[in-house]
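Below, each chain spelled out in residue letters.
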Amino acid sequence: MNEQIKRGSINMIGPRVKALLLEADASFLITDEKVAYVQDNHPASHAFLILSQAGYSKIPVLDQDNKFKGFISLNHLTKAMFTVDGIDPDRLSEVCVADLMDQDAEILVLPLDIEDILHELVDHPFLPVVDEAGYFKGIVTRREVLKAVNHLMHSLEQRYELIQIEEEAPQLLAWLQEAQEKEKEQ
Ligand code: 4BW
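Brief notes about the site of the ligand
The local shell around the ligand holds 15 residues, among which A36, S57, K58, F126 and R143 are the closest. The separation between a nitrogen atom of the ligand and a polar main-chain atom of G55 is 3.5 Å. Protein chains bury 67% of the 760 Å² of accessible surface belonging to the ligand in isolation. Of all the secondary-structure elements, those providing two or more residues to the shell around the ligand are β4 (58–62), β8 (136–141) and α7 (142–159).

Structure, rendered in structure tokens:
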């Protein structure tokens with residue numbers, strides 16, 4: 001079963017860091033027309049063709065209405081080809097993609113949330129993105145997010161002066177206390 005990611009309104013990324021992260025690419029989304037995918041009712045041999053031509057190890061599976069259904073990987077197809085005597089590629093013509101695909105997938109629902117993306121890409125090389133009705137809109141990949149993190153790392157200290165809170169806090173506290181004491185004296 002596909003699982004929609006919802007983490008409530010916990011927002012741990014500060015507004016300036018978030019702005020820098022999103023500066024190069026505001027969404028990280030690779031839109032559906034640029035994504036290699038296969039339909040669930042196609043023969044598994046077709047998925048093998050698409051996967052080997054696109055060069056990816058795992059791609060999304062959609063239904064005829066363009067709704068996201070799951071993933072198919074080279075691993076699924078290789079397993080399906082095994083027989084007791086060896087490997088039989090003809091087996092892929094006897095089953096369809098829906099028979100082999102993985103339906104247990106985390107999905108992102110538009111509008112995208114950077115907190116969800118960063119959290120989930122730790123465990124998944126990419127995440128499918130759907131709209132509220134479940135129509136496939138594209139994918140978010142580790143590569144796109146790492147490009148943004150790279151931009152953040154290189155621009156943060158060029159744009160902002162950073163103060164280490166642990167070092168500065170006691171000094172700030174002392175100034176505050178001093179100011180309060182002076183105020184009392186007046
Ligand atoms: O054909 C490729 N083109 C490019 N530009 N990069 C590729 C290609 N094949 C592999 N890569 C690189 C990417 O950096 O190897 C990484 C791992 O590929 P994967 O998982 O094991 O096939 C790629 O990292 P990524 O861009 O962060 O993508 C993570 C995963 O997302 C890929 C693949 O399963 C999926 N994916 C990425 N772009 C896709 C796609 N699936 C379908 N269509 C796309 N356009």
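Description of the packing of aromatic side chains
As enumerated under the stated definition, the model contains three aromatic pairs in all. Between F71 and F126, the aromatic rings sit 5.2 Å apart at their centres with planes inclined by 75°, giving edge-to-face as the arrangement. Of this pair, F71 sits in strand β5 (residues 68–73) while F126 is found in strand β7 (residues 126–130), placing the two residues 55 residues apart along the sequence. For the cation-ring pair, K58 lies above F71, with the distance from its terminal atom to the ring centre recorded as 4.5 Å. Positioned above the aromatic ring of Y135, the side-chain terminus of K67 is 4.9 Å from the ring centre.

Comments concerning helix α3 (residues 74–81)
Along α3, the positions that sit buried rather than exposed are L77, A80 and M81. With its buried residues spanning 100° around the axis, α3 presents them on a single face. Those residues of α3 hidden inside the fold are in contact with α2 (44–54), β5, α4 (91–94) and α5 (97–100).

Side note on the side chain of D63
Relative to the helices and strands, D63 is located in the loop between β4 and β5. Buried charge without a salt bridge: D63, with K69 as the nearest opposite-charge side chain at an N-O distance of 4.0 Å. Within the structure, the side chain of D63 is placed 2.9 Å from the backbone nitrogen of K67, a separation counted as a polar contact. Not counting residues up to four positions away in its chain, the partners in contact with D63 are Q39, D40 and K69.

Parameters and conventions
- Residues numbered from 1 in each chain as written.
- Predicted model: local features only at pLDDT ≥ 70, side-chain atom pairs only at ≥ 80, totals over all residues.
- Heavy atoms only, no water.
- Near = heavy atom within 4 Å.
- Polar contact = N/O pair within 3.5 Å; in protein donor to acceptor, adjacent residues only side chain to side chain.
- Areas by Shrake-Rupley, 256 points an atom, 1.4 Å probe, with all protein chains shown as cover.
- Helix = DSSP H or I, 4+ residues; strand = E, 2+ residues; numbered from the N terminus.
- Phe/Tyr/Trp six-rings, centres within 6.5 Å; stacked < 30°, edge-to-face > 60°.
- Lys NZ or Arg CZ within 6 Å of the ring centre and 35° of its normal.
- Buried < 20%, exposed > 50% of the residue type's maximum accessible area, 1.4 Å probe, protein only.
- Arc of directions from axis to C-beta.
- Contact = heavy atoms within 4.5 Å.
- Lys, Arg positive; Asp, Glu negative; His and termini not counted.
- Salt bridge = Lys/Arg side-chain N within 4 Å of Asp/Glu carboxyl O.

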